[in-house]
Structure formats: structure tokens, C-alpha cells
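# Structural characterization, general
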Amino acid sequence: MLLPLPFSFYYGGDDVLPLSLSSGITMTVGALAFFLFKTKQEVRPKEGFLIVALGWIVFSALGALPYMLGNYIPSFTDAFFETMSGFTTTGATILTDIEALPEGILFWRSFTHWVGGMGIIVLGIAILPLLGVGGMQLFKAEVPGPIADKLTPRVTETAKILWGVYVLLSVIETILLMLGGMNLHSALCHTFGTMATGGYSTMNASVGGHESAYIDYVIIIFMIIAGMNFSLHYRLLKGNIKEVLLNRELQFYFAIITFATLIIGVDTYMNNYSTILETLRYTLFQVVSIITTTGYGTADYEQWSISSQLVLFLIMFVGGMAGSTGGGMKVMRVYLLIKFVYAEIVRLVHPQAIVPVRMGDITVSRDVMMNILGFFVLYMLIAAFSSLFLSFFGIGIATSIGAVAATLNNIGPGLEFVGPTDNYAFLPDIVKWLLSVLMLLGRLEVYTVIILLAPSFWQK
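Please read all numbers here as calculations on a predicted model, not as lab measurements.

Broken down by element type, the protein carries 21 helices and two strands. The C-alpha radius of gyration of the protein comes to 22 Å, within 12% of the 23 Å expected for a compact globule of 460 residues. Each of the three principal axes of the protein carries a C-alpha extent, and together these read 70 × 65 × 55 Å. Relative to its 460 residues, the protein shows a buried fraction of 55%. Excluding contacts between residues fewer than 6 apart, the proportion of contacts in the protein whose partners are at least 24 apart in sequence is 69%. Once the 23 positive and 28 negative side-chain charges of the protein are each reduced to a mean point, those two points are 18 Å apart.

Below, the structure is given as C-alpha cells:
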């Protein structure tokens with residue numbers, strides 16, 4: 001919360017006091033909690049899940065303080081929604097005039113993306129290795145994907161490597177955006193939103209407000225990079241190019257982007273845009289923004305045909321690769337579900353055949369497949385019942401489904417009244433609280449939060 005202060009002083013904003021007070025309150029709460037509850041006991045899996053889930057809730061509550069103390073978002077419900085949306089890299093907003101906010105608050109708003117993108121708890125493991133042998137329990141509870149990818153035997157070193165790559169890519173993107181005409185403040189804020197696949201912009205018209213093909217393509221490239229497994233970036237830096245190119249999940253990830261861009265591109269070329277270059281620029285941006293769950297916009301896809309909107313809606317649920325900052329179900333799960341269905345069809349035709357599900361040369365165990373199937377069923381049930389809940393408040397079915405898909409998959413813009421040119425301000429408070437829970441469920445991969453509701457979790 002102190003990091004935005006240089007921009008507050010430079011631009012002469014009225015947000016110096018709210019940010020300073022919020023920082024002081026947060027440090028006081030943190031110090032009290034540290035000294036009152038510090039323990040040297042091992043953090044077991046149960047505590048790991050609880051620390052991660054409650055940690056994100058507490059951080060979001062404290063992160064809402066600058067908005068409230070500065071009277072930029074007076075309502076605690078709205079401020080919590082905005083902050084949870086930031087930390088979970090969702091990008092859904094209740095703000096109707098973003099450009100009216102002072103630069104320090106805008107920086108804080110985007111910075112919540114950047115911290116939440118790699119994970120608050122992973123950051124804690126990287127710079128505060130106070131959790132000892134329990135660190136891996138937190139790492140597993142928070143890192144997105146069916147399998148937590150440890151790059152080194154020590155989880156602290158893994159977290160430091162991941163954050164090192166994250167910082168390096170962020171610095172490169174910031175420089176490239178400044179070369180495209182952005183000032184340092186705007187470049188940093190858009191970098192935070194891109195690398196975290198968050199989507200908060202400093203402009204009401206999002207990235208489209210810059211009207212720059214160069215900026216569009218820089219952000220497209222870095223959205224694609226952010227949607228990749230960060231362990232692949234590390235392997236690329238180590239020179240293992242062949243290993244990365246042969247990665248099945250990466251190949252499937254690029255195949256989906258290419259296929260979706262071609263389908264929508266043909267439609268938008270015939271109905272919306274006049275040249276192939278214009279079609280490619282706007283179509284590719286929206287496809288990459290949605291599949292990586294970033295949520296930036298350069299075009300109003302609700303002006304496109306229903307078929308194009310349906311393709312975008314479907315890839316909302318795919319999301320980025322496992323181990324990326326992206327949301328959604330993850331490319332790996334979708335790939336393995338397709339392979340599993342194919343294997344089951346083969347077994348029906350040849351009952352005696354042994355048809356293993358493989359990810360490249362690796363045979364995926366039955367336990368992992370059961371976990372993925374359970375995740376898929378639970379994910380769809382949560383989406384269905386949440387959409388039904390929203391409809392009880394007189395919200396249209398397209399808006400209800402779009403809002404749930406956009407928050408559960410950590411995307412931001414949805415459909416109809418929560419589309420790319422709209423916001424969530426009109427929704428009742430109880431709906432905003434439900435959507436805040438969905439953001440947390442999506443960011444922490446459902447199980448980490450749902451497990452807290454199981455009676456057996458609380459039994460010794």
C-alpha cells in the first residue's frame with residue numbers, strides 16, 4: 001500500500017492519507033497476528049488449506065481500506081468486491097468512471113492483480129520462509145492446476161524462481177509499453193493486469209482507449225506468455241527449447257487460440273471489419289484476452305454474432321495452462337478430459353483393451369483422473385446453481401450465466417449487462433458477495449475453499 005505513494009505525490013492526488021492510513025492499519029493487524037499466533041508447529045495439509053483461504057479473505061478485506069477511507073468506494077461490499085476481484089485477477093469492477101480515480105489508487109488497484117497473480121501465499125513463501133516444512137502444503141493449496149510443479153526440491157527456492165521469472169517478464173513488458181507511448185504509471189498498471197491475467201485498466205475504454213496496434217500486439221504477446229505454465233518460462237530461460245515445444249498442454253493451448261481465432265475471424269471479417277489485418281488485430285486480442293482470463297478489451301464482442309460470442313463463452317471455461325496466472329478449468333484438465341472420453345469410447349468398442357490416458361509420454365494415474373472428473377462436475381454444478389441463484393433476483397439468464405462464468409473463471413467481462421462495456425455496480429449486494437466467493441473459488445481451484453465446508457475437515 002506504500003508503493004503507490006510516489007505516484008500520489010507526483011500527480012498531487014488526494015489519496016496520500018487514505019493509502020498511508022490503510023498501510024498503518026494493515027501493518028498493525030499483521031504485527032498483532034504475528035506475535036499473538038506465531039507457532040513453530042508444522043503446517044499440516046488442513047492448516048494449509050485454511051491459511052490460504054482465510055488469508056485471501058483477510059487480504060481482500062484489508063485491501064479494501066484505501067477505497068473506503070478515501071471515499072472512492074464508500075460501500076464495504078463494493079470495496080471488498082473490487083479488491084477480491086483484484087487479488088483473484090478477475091478484473092470485474094463496480095466502478096463506472098475509472099479515470100476519475102487518483103493515480104495512486106489506480107496503481108493500488110492494478111497492483112492487487114500483480115500480487116494475486118503469482119499468489120499472495122507463494123510470495124510469502126518466497127520472501128518470508130517462516131513456514132518451514134509446511135510451505136509445500138500452502139504451495140499445493142494455492143498453485144493452479146491438477147499438479148503443483150516443483151522446479152527444485154525446496155519449495156522456497158521454487159517460489160523464488162517463479163517470482164524471478166514473473167518480475168523479469170513484467171520489467172520487459174513495462175519497457176515495451178513505454179516505447180509505445182505509455183507513461184510509466186500507465187505502463188506499470190497495464191503490465192500488472194497483463195502478467196497477472198487480471199484486466200484492470202486505467203482507462204474507461206480499457207486497452208482500446210489507447211487506439212494503438214503496437215500496444216495491442218505487445219499485450220497480446222504477454223497475455224499469451226502469462227497464460228503459459230511459468231515453469232515453461234524457466235525452462236526456456238535454461239535453454240530447454242525442445243522440451244517446451246514438445247509440451248502437449250502448450251500445443252493444445254496454441255491450437256485452441258488458433259482455432260477460435262479462425263472461427264471468429266471468418267465471421268467478424270464478413271460482418272464487422274473491412275480488412276484482414278483489422279480482423280486479426282481485434283479478433284486475436286479478444287480470443288487471447290478471454291482464454292487467458294485477462295479480460296482486457298479493444299472491441300465490444302457483444303456487437304459480434306451469437307456464434308462468435310458462443311465460442312468466446314466456451315473458451316472462458318478453458319482458461320490458461322496449469323501453473324499460469326490464468327483462471328478457468330485449465331488447458332491441462334480440458335485436454336485430459338477429452339483424452340479420457342476417447343479412452344472410454346475405445347473401451348466400449350474393445351472391452352478387454354487397456355487404454356491409458358497419457359499426457360505426452362506420461363501415463364496419468366486413475367487417481368489424478370478421478371480428481372479432474374470430480375473437479376469438472378463440481379465446477380459445473382457451482383456454475384449452474386450460482387446462475388440459478390442470480391436469476392432469483394430478476395437478473396436475465398444471459399446476464400446471470402455471463403456474470404457467473406466471468407467471476408468463477410476469473411475473467412471480468414461477461415455477457416449482456418455485465419459485458420465488456422458494462423460493470424457490476426447495478427447488482428444487489430447479496431449477489432456481489434456470491435460473485436466474490438466465486439472469484440475466490442475460481443482462483444483457489446474450488447477444492448481449497450470447498451473442503452472447508454466438509455464436516456470431516458473440522459474433526460480431529
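With 16 residues, helix α15 (residues 276–291) should reach 22 Å at 1.5 Å per residue; the first-to-last C-alpha distance of 22 Å fits that figure. Buried within α15 we find T279, R281, Y282, T283, L284, F285, Q286, V287, V288, S289, I290 and I291. Here the buried face of α15 lies against α11 (213–226), α14 (248–271) and α16 (306–316). You can read the cap of α15 off the contacts: a side-chain oxygen lies 3.1 Å from the backbone nitrogen of E278, and it is on T275. Downstream of α15 by a residue or two, T293 has a phi angle that is positive, lying close to 60°.

Right, let's talk about the confidence of the model for the protein for a bit. Per-residue confidence for the protein averages 89 on the pLDDT scale, and 92% of its residues sit at or above 70. This stretch, residues 130–134, has a pLDDT under 50; its non-local contacts, to residues over four places away or in other chains, come to six contacts.

For the structure on display, the rule yields seven salt bridges. Close ionic contact of E445 with K330 constitutes a salt bridge, the shortest N to O distance being 3.1 Å. Of this pair, E445 sits in the loop between α20 (429–443) and α21 (447–450) while K330 sits in the loop between α16 and α17 (331–349); the two residues are 115 residues apart in sequence, bridging distant segments of the chain. Take E445 and K330: they sit in the same class, and that class is buried. Its salt-bridge partner being R347, residue E344 comes within 2.3 Å of it at the nearest N-O pair. Here R347 and E344 lie together in helix α17, a separation of three residues that amounts to about one turn. A residue is classified by how much of its surface remains accessible, and R347, at 23% relative accessible area, is partly exposed. Taken together, the shared-partner salt bridges in this structure form one network comprising K330, R333 and E445.

Time to look at the side chain of T279. Here T279 lies in helix α15. The exposure class assigned to T279 is buried, which follows from its relative accessible area of 5%. One polar contact links the side chain of T279 to the main-chain carbonyl oxygen of T275, over a distance of 2.8 Å. With residues near it in sequence (within four places) discarded, T279 still touches G265, T268, Y269, Y273 and L284.

On the secondary structure map, Y447 appears in helix α21. Linking Y447 and Y166, residues 281 residues apart in sequence, is a C-alpha distance of 26 Å. If we ignore the near neighbours within four places in the chain, the residues touching Y447 are N371, G374, F375 and L378.

Position of T407 relative to the elements: it lies in helix α19 (residues 397–408). Looking at T407, the relative accessible area reads 0%, which means it is buried. Of the polar contacts made by the side chain of T407, one reaches the backbone oxygen of A403; its length is 2.8 Å. Polar contacts involving the side chain of T407 include one to the main-chain carbonyl oxygen of V404, which spans 3.3 Å. Setting aside its immediate chain neighbours within four residues, T407 contacts T90, Y424, L435, L438 and M439.

It is worth spelling out unusual backbone geometry at this point. Its identity as a non-glycine residue notwithstanding, N71 has a phi of 60°, on the positive side. Its place among the elements puts N71 in the loop between α4 (65–69) and α5 (76–87). For K330, which is not glycine, the phi dihedral falls at a positive 90°. A relative accessible area of 1% places K330 in the buried class.

What counts and what doesn't
- Residues numbered from 1 in each chain as written.
- Predicted model: local features only at pLDDT ≥ 70, side-chain atom pairs only at ≥ 80, totals over all residues.
- Heavy atoms only, no water.
- Helix = DSSP H or I, 4+ residues; strand = E, 2+ residues; numbered from the N terminus.
- Rg over C-alpha atoms; globule rule 2.2 N^0.38 Å.
- Buried < 20%, exposed > 50% of the residue type's maximum accessible area, 1.4 Å probe, protein only.
- Contact = heavy atoms within 4.5 Å.
- Lys, Arg positive; Asp, Glu negative; His and termini not counted.
- Charge placed at Lys NZ, Arg CZ, Asp CG, Glu CD.
- Expected span 1.5 Å × (residues − 1).
- Polar contact = N/O pair within 3.5 Å; in protein donor to acceptor, adjacent residues only side chain to side chain.
- pLDDT = per-residue confidence, 0-100.
- Salt bridge = Lys/Arg side-chain N within 4 Å of Asp/Glu carboxyl O.

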